[in-house]
Amino acid sequence: MRVIGKFEVEVDIEGGGGDVFHEIFSTRPHDISAISPANIHGVEVHEGDFGKPGSVLLWNYTIEGKKCVAKQIVEVIDEENKLVRFKKIDGDLLKEFKSITLTLHVVPRGDLTGVKWIAEFEKIDESMPYPTKLLDLCIAITKDIETHHLNEAKTE
């Protein structure tokens, strides 16, 4: 049986950090390891350049206590709508999913900013888990970036 799906989660962050948040994921994801070191251990360009659609990035991260890797292609960087979409093309998550795409959409709302994560997937087997652990990781990284941004705003 084929199982496909789409999970969404939205996290509100304080301090109007939407532009910074979008910039980090669209053009400087390699900085995330300094902001969220317990979750992201490094991001390298495998092909192309940071900030360019079509580039391939290699992520080293920890999920549920396990060190993992992911190779993903940057499918879309939409500056106007503050959206970035990554498609996994290799790595640990593809042991559970035939395909998985992760979209980040930043939605400014005055003092708060909505950070929406969307995971679209096809499971390899119906008995495999849904990508909730991936979304939990995204929430943790979102909170770390918010804390980092608020701390930097205090020192300015």
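The model shown is predicted, which means the values in this text are computed figures rather than measured ones.

Visitor: Teacher, can you tell me more about the sheet that holds strand S2 (residues 40-47) here?
Guide: Strand order in the open sheet made by the 7 strands is S1-S7-S6-S5-S4-S3-S2, with antiparallel pairing throughout. In the strand order of this sheet, the two ends are held by strand S1 (4-14) and S2, each with one partner. Strand-to-strand twist across the sheet, computed as the mean angle between neighbouring axes with direction ignored, equals 25 degrees. Bridging between S2 and strand S3 (residues 56-63) involves 6 bridges; their strand directions are antiparallel. Within S3, the residue paired with Val45 across the bridge is Leu57. Sheet contacts for helix H3 (residues 132-155): S1, S2, S3, strand S6 (97-109) and strand S7 (112-123); angle to S1, the most-contacted strand, approximately 15 degrees.

Visitor: What is the right way to look at H3 in this model?
Guide: At 3.6 residues per turn, the α-helix brings residues three or four places apart onto the same side. Helix length check: H3 (24 residues) gives 35 Å between terminal C-alpha atoms against 34 Å at 1.5 Å per residue, within 8%. Within the sequence span of H3, burial applies to Lys133, Leu134, Leu135, Leu137, Cys138, Ile141, Thr142, Ile145, Glu146 and His149.

Visitor: How do you make sense of the nonpolar core when you look at a structure like this?
Guide: Nonpolar side chains in soluble globular proteins tend to end up buried together. Phe21, Phe25, Trp59, Tyr61 and Trp117 are the most contacted members of the largest nonpolar core, which totals 35 residues. In this structure Trp59 touches Phe25, Pro29, Ile32, Ile40, Gly42, Val43, Cys68, Val69, Ala70, Gln72 and Phe86, once residues within four positions along its chain are discounted.

Visitor: What should I look at first to understand the pairing of S3 in this one?
Guide: Two faces belong to every sheet, and in a regular strand the side chains alternate between them. In terms of burial, S3 is largely enclosed, as 6 of its 8 residues are buried. Of the pairings in the sheet, the one linking S3 to strand S4 (residues 66-78) comprises 8 bridges and is antiparallel in character. Paired with Tyr61 across the bridge in S4 is Cys68. Counted between consecutive antiparallel strands, the loop separating S3 from S4 contains 2 residues, among which Glu64 sits at a positive phi close to 50 degrees.

Visitor: Looking at this structure, how should I read empty space enclosed by the protein?
Guide: One way to see where empty space is left: roll a probe the size of a water molecule over the atoms. All told, the structure shown has 1 cavity of 30 Å³ or more when counted by the stated rule. When its volume is computed, the largest cavity comes out at roughly 170 Å³. Contributions of two or more residues to the lining of the largest cavity are made by S3, S4, strand S5 (83-91) and H3. Broken down by class, the residue content of the lining of the largest cavity amounts to 13 nonpolar, 1 polar and 1 charged.

Visitor: Sorry, what's going on with the side chain of His22 here?
Guide: Following the sequence through the fold, His22 ends up in helix H1 (residues 18-27). Taking the relative accessible area as the measure of exposure, His22 reaches 3% and is therefore buried. If near-sequence neighbours (up to four positions away) are discounted, His22 is found in contact with Asp78, Glu79, Lys82, Leu83, Val84 and Val106.

Visitor: What should I look at first to understand the pattern of salt bridges in this one?
Guide: When the charged atoms of two side chains lie near each other, side chains of opposite charge can form a pair. Overall, the coordinates contain 13 salt bridges when judged by the stated rule. Across the salt bridge formed by Glu8 and Lys6, the nearest N and O atoms sit 3.9 Å from each other. Lys116 is paired through a salt bridge with Glu8; the nearest N and O atoms lie 3.9 Å apart. Within this pair, whereas Lys116 is found in strand S7, its partner Glu8 is found in strand S1, the two being separated by 108 residues in sequence. Judged by its relative accessible area of 22%, Lys116 is partly exposed. A single salt-bridge network, built from bridges that share partners, covers Arg2, Lys98 and Glu122.

What counts, and where the lines are drawn
- Residues numbered from 1 in each chain as written.
- Predicted model: local features only at pLDDT ≥ 70, side-chain atom pairs only at ≥ 80, totals over all residues.
- Heavy atoms only, no water.
- Pairing = 2+ DSSP bridges.
- Helix = DSSP H or I, 4+ residues; strand = E, 2+ residues; numbered from the N terminus.
- Axes fitted to C-alpha atoms, helices over the stretch in contact; angles between N-to-C directions.
- Contact = heavy atoms within 4.5 Å.
- Expected span 1.5 Å × (residues − 1).
- Buried < 20%, exposed > 50% of the residue type's maximum accessible area, 1.4 Å probe, protein only.
- Core = buried A, V, L, I, M, F, W, Y, C linked by side-chain atoms within 4.5 Å.
- 1 Å grid on protein atoms, 1.4 Å probe; cavity = no way out; pocket = protein on both sides within 12 Å on 5 of 7 lines; lining within 4 Å.
- Points joined across faces, edges and corners; volume = space filled by probe spheres on them.
- Nonpolar A, V, L, I, M, F, W, Y, C, P; charged D, E, K, R; others polar.
- Salt bridge = Lys/Arg side-chain N within 4 Å of Asp/Glu carboxyl O.

Distances and angles like these do not, on their own, reveal function.
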